[in-house]
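# Secondary and tertiary structure notes
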Protein chains: 2
Amino acid sequence: MAYNRHVHGGNLYEASKVYGISSSQILDYSANINPLGIPDVLRDILISNIDNLVNYPDPECNDLRNHISKYLSLPNENIVIGNGASEIIFLLFNALKPGKVLIPAPTFAEYAKAAESSGARVEYLELKESEDFKLDIELLVENASRGINAVVLCNPNNPTSTLVTKDDMSELISRLHTQGIYIVIDEAFIELTAGGNSNSVSDLVHTYDNLFIVRAFTKIFAIPGLRLGYGLGDKKLVKSMWDMKMPWSVNSLACSTGKMLPEGGEYMEKTSKWLVHEKKWLFEELSKIGVIKVFEPQTNFILAKILDEELNAHRLRDTMAAQGILIRDASNFMFLNGRFFRVAVKDRKSNEIFVEKLRNVLI
Amino acid sequence: MAYNRHVHGGNLYEASKVYGISSSQILDYSANINPLGIPDVLRDILISNIDNLVNYPDPECNDLRNHISKYLSLPNENIVIGNGASEIIFLLFNALKPGKVLIPAPTFAEYAKAAESSGARVEYLELKESEDFKLDIELLVENASRGINAVVLCNPNNPTSTLVTKDDMSELISRLHTQGIYIVIDEAFIELTAGGNSNSVSDLVHTYDNLFIVRAFTKIFAIPGLRLGYGLGDKKLVKSMWDMKMPWSVNSLACSTGKMLPEGGEYMEKTSKWLVHEKKWLFEELSKIGVIKVFEPQTNFILAKILDEELNAHRLRDTMAAQGILIRDASNFMFLNGRFFRVAVKDRKSNEIFVEKLRNVLI
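Reference entry: report on the structure contained in this document. (Residues numbered from 1 in each chain as written. Chains lettered and ligands numbered in written order. Predicted model: local features only at pLDDT ≥ 70, side-chain atom pairs only at ≥ 80, totals over all residues. Heavy atoms only, no water.)

## Details of unusual backbone geometry
Most peptide bonds take the trans configuration, and most residues that are not glycine carry a negative phi. As a reminder of what qualifies: Here a strand is any run of E in DSSP of at least two residues, a helix any run of H or I of at least four, and the numbering for each starts at the N terminus.
Of note, the amide linkage connecting Asn158(A) to Pro159(A) takes the cis form, showing an omega dihedral of 15 degrees. Among the structural elements, Pro159(A) can be located in the loop between β5 (150-154) and α7 (166-178). For the peptide bond that leads from Asn155(B) to Pro156(B), omega is -5 degrees, which places it in the cis range. Note on placement: Pro156(B) falls in the loop between β5 (150-154) and α7 (166-178).

## Overview of the nonpolar core
Inclusion rule: Throughout this description, the term nonpolar core refers to a set of buried Ala, Val, Leu, Ile, Met, Phe, Trp, Tyr and Cys residues connected via side-chain atoms within 4.5 Å. Three labels apply to residues, based on accessible area from a 1.4 Å probe with only protein chains included: buried if under 20% of the type maximum, exposed if over 50%, partly exposed otherwise in between. Note on contacts: a residue pair qualifies if any of its non-hydrogen atoms lie within 4.5 Å across the two residues.
Among the nonpolar cores identified, the biggest contains 231 residues, and Phe212(A), Leu286(A), Phe354(A), Phe212(B), Leu286(B) and Phe354(B) are the most heavily contacted of them. Discounting residues that sit within four places of it in the chain, Leu286(A) has contacts with Ile292(A), Val294(A), Ile302(A), Val343(A), Phe354(A), Val355(A) and Leu358(A).

## Quick word on the relation of the copies chain B and chain A
Counted only if it meets this: Overlaid copies result from least-squares superposition on C-alpha atoms, with residues included only where pLDDT is at least 70 in both.
Here chain B sits on chain A after a turn of 180 degrees about the axis and a move of 0.0 Å along it, with an RMSD of 0.0 Å. Expressed as a symmetry operation, the mapping of one chain copy onto the other fits a two-fold axis. Identified as the residue of chain B closest to the rotation axis by C-alpha distance is Ile47(B), at 3.2 Å. The overlap is high: 100% of the interface residues of chain B also sit at the interface in chain A, so the same surface is used on both sides.

## Section: the packing of aromatic side chains
The criterion, for reference: Pairing of aromatic side chains requires ring centres within 6.5 Å, counting the rings of Phe and Tyr and the six-membered ring of Trp. Pairs whose planes differ by under 30 degrees are stacked, by over 60 edge-to-face, and all others tilted. For a Lys NZ or an Arg CZ to count as sitting over a ring, it must be within 6 Å of the ring centre and within 35 degrees of the ring normal.
In total, this model carries 24 aromatic pairs over all chains according to the counting rule given. A ring pair is formed by Phe189(B) and Phe301(B), whose centres lie 4.9 Å apart and whose planes are at 70 degrees; its orientation type is edge-to-face. Of this pair, Phe189(B) sits in the loop between β6 (182-186) and β7 (211-216) while Phe301(B) sits in strand β10 (residues 301-306); the two residues are 112 residues apart in sequence, bridging distant segments of the chain. Each member of the pair, Phe189(B) as well as Phe301(B), carries the same accessibility label: buried. Sitting over the face of the ring of Phe301(A), Arg342(A) holds its NZ or CZ atom 5.8 Å from the ring centroid. Residue placement shows Lys346(B) over the ring face of Tyr29(B); its charged tip is 5.5 Å from the ring centre.

## Let's talk about a negative patch on the surface
Residues and elements named next belong to chain A. Condition: Like-charged residues are merged into a patch within 9 Å and nonpolar side chains (Val, Leu, Ile, Met, Phe, Trp, Tyr) within 5 Å, provided each residue has over 30% relative accessible area and no salt bridge. Only the protein chains shown count as cover for residues, and the accessible areas themselves come from Shrake-Rupley with a 1.4 Å probe. Between Lys or Arg on one side and Asp or Glu on the other, a salt bridge is scored when a side-chain nitrogen of the former is within 4 Å of a carboxyl oxygen of the latter. When charges are counted, Lys and Arg are positive and Asp and Glu negative, with His and the chain ends excluded. To locate a charge, take atom NZ for lysine, CZ for arginine, CG for aspartate or CD for glutamate.
Among the surface-exposed residues, Glu131, Asp132, Asp136 and Glu296 lie close enough to one another that they form a single negatively charged patch. If you trace the backbone, Glu131 turns up in the loop between β4 (121-126) and α6 (137-144). Given the relative accessible area of 42%, Glu131 is considered partly exposed.

## Details of the sheet that holds strand β9 (residues 292-294) of chain A
Residue and element names in this part refer to chain A. Going by this rule: If DSSP finds at least two bridges between two strands, the strands pair. In this description, a line fitted to the C-alpha atoms serves as the axis of each element, helices being fitted only across the stretch in contact, and the angle between N-to-C directions of two axes falls anywhere from 0 to 180 degrees.
Spatially, β9-β10-β13-β12 is the arrangement adopted by the 4 strands of the open sheet, whose pairing is antiparallel. Both edges of this open sheet fall to β9 and β12 (328-329), since each of them pairs with a single strand only. Strand contacts of helix α10 (residues 265-289): β9, β10 (301-306) and β13 (340-344), with the helix running at about 155 degrees to β9, the strand carrying the most contacts.

## Some points on the sheet that holds strand β6 (residues 182-186) of chain A
Residue and element names in this part refer to chain A. The 7 strands lie next to each other as β2-β8-β7-β6-β5-β3-β4, forming an open sheet whose pairing is mixed. Each edge of the open sheet is held by one strand with a lone partner, namely β2 (79-82) and β4. Strand-to-strand, the axes of this sheet are offset by a mean angle of 20 degrees, without reference to chain direction. When β2 meets strand β8 (residues 229-232), the two strands line up antiparallel, connected through 4 bridges. Its bridge partner lying in β8, Val80 is registered against Gly231. Packed onto the sheet, α6 meets β3 (100-105), β4 and β5 and runs at close to 160 degrees relative to β3. In the packing of helix α8 (residues 235-244) onto the sheet, the strands contacted are β2, β6 and β7 (211-216), and the crossing angle to β2 comes to about 30 degrees.

## Quick look at the interface of chain B and chain A
This is how the line gets drawn: Side-chain classes are defined by residue name, with Ala, Val, Leu, Ile, Met, Phe, Trp, Tyr, Cys and Pro counting as nonpolar, Asp, Glu, Lys and Arg as charged, and the others, Gly among them, as polar.
Facing the 56 residues of chain B at the interface are 57 residues of chain A. At the junction of chain B and chain A, the tally comes to 3 salt bridges. Lys17(A) is the partner of Glu60(B) in a salt bridge, and the nearest nitrogen-oxygen pair spans 3.8 Å. For the side of chain B that touches chain A, the elements supplying multiple residues, two or more each, are α1 (12-19), α2 (40-48), α4 (84-96), α8 (235-244) and α9 (252-256) of chain B. Per element, the largest residue contribution to the side of chain B that touches chain A is 4 residues, and it comes from α1(B). Its residues assigned to classes, the side of chain B that touches chain A comprises 28 nonpolar, 16 polar and 12 charged.

## Here we look at a nonpolar patch on the surface
All names here are of chain A. Together, Tyr124, Met334 and Phe335 line one region of the surface with nonpolar side chains, adding up to about 240 Å² of accessible area. Within the secondary structure layout, Met334 lies in the loop between β12 and β13. Residue Met334 is classed as partly exposed on the basis of its relative accessible area, which comes to 35%.

Note that every value here comes from positions in space, so none of it alone points to a role or purpose.
Below, the structure is given as structure tokens:
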């Protein structure tokens, strides 16, 4: 499969080159990273593990798995570690080889690419703008029952910032289980919802062998540069993913990240406080602009639609970028048109600058 | 493809678990890493780049490519970066899709795995113990001319520690070029030979479009934990490898490694001095033991064969490991039997301990 590097959010380097602005001066609203930055505890752990780079990484990432195991109360054998969520998703489909996959969309495009690269046929269930992109579980089960082998969901969903509640998700998993349909849930942003891990269905991995959960520390601990994702699922499936995996794809600094989990409480609390206030503030301020429709966010990013028919997200992105602010043109997400864009929720100071610049461009 | 993590060298973590010795107390002679450790310049670069982990890595690794470009006097367009040499090798075969591959062996098993996973049929040319495992170029060209699409060599070769001279290699490349046969040369250890880069054929990438070179900073800069390899080849092939690659498989700290290249002179000289003296010393000391046959090394590891028919490399490995020293049982390399093992060349103090313990076990 071929990747287009330019359609993903977060290509600071490309933008810096194209617009001639140094990457440190760019406000990146296209990547959804915790603006609190790398936790101090984690920075110290990384520095103290630099000398350990003289050894190959542990190919089984046992120390990291032990920490995740305690963090989520799941046995080691249910946990697989990868080079970002991307490696987990590709390994998963190659291990699973589902014939027909159903994906509610718009959503992260990587699921379809990974499914197709494993030989699967992909069908989509449209999440409707008129329903604020909320998932209709009845309709999903109905569609899945027509010969689908696996359903893939992102929760909270990228780019719509919608969240399926734990109760609804549990019911969905159970109903698909009854029908022998696999369900893959990408919870990469779950710690960045109000309630955090309490919204996760990770505790159901014990109960349902049709459930696989994709997770990452990338967003919550602000370390996308380090490359670290993980997956939670049935022991047999997890073992076959380990067997297929290139050894050492996860570097040893990424492996050391687990040591921060027992000490992350304070950072998580600060994050939660910031998130609850700031996503509400940014949503309200953006809503006031008027020439855009803003969808209420459940996580640290917001989807918006330009109402002015003269303007499109592509041009908006370019105009903003020329002023040093990156936004995500969301028009290449399935079922979205050229007027959708996505922005991260950052710290108040940045958000104020962002809202002002966006207002100036739009009005 | 399935990997057996236990047959590679350098699984300190596994050994630590099996033998109940803390990994910091183990002398690891199974991994061939520069014992001078991480250069101070590089350690500083890594620490100063930790805060940059809040951004996704540059998917095109442009800064690193610029540095490698200057280091080896090759245009950026001829350089592809990967998560270790492993990713480069797998990408290469998937881009190349050669029907029939010829591999002189014993050598690193990853080439055959990668070739087979791309659908190729692999043939071997035996490097003979009676000829000290030296490559017979005449015989290689003769064998290659019988319908082979690509030849894969490791130079200096792992595990035999033999080196094909630059003159011989140039001749080989030219003759294979005439016949339209691809040649892949893994130069992962080239900086750890006497003469270093002057033994490399990287300057021939300009001249011969059938040449691809695999390289890494892992061994020379003692950073196997960081995951960084690269490849040099024809622009069109390199582009197709970039297109196939998972975005961001190379973490941003690995990308920052390039900044050390312009400042690495002193470290390289120290390495070269250590290498020339120490590989000679260790070779001579091992040769004095008497119950093993030692093959003269051209790089920072040594292949040896147990002459005592009562003993095998597997048992030797276990006995040494129980005393806190890891060696590489080399019996699973193609064409080697159960009595071969490989050891790294380390610093004098470690080498003295190693020689004494090995002598005690063997005699």
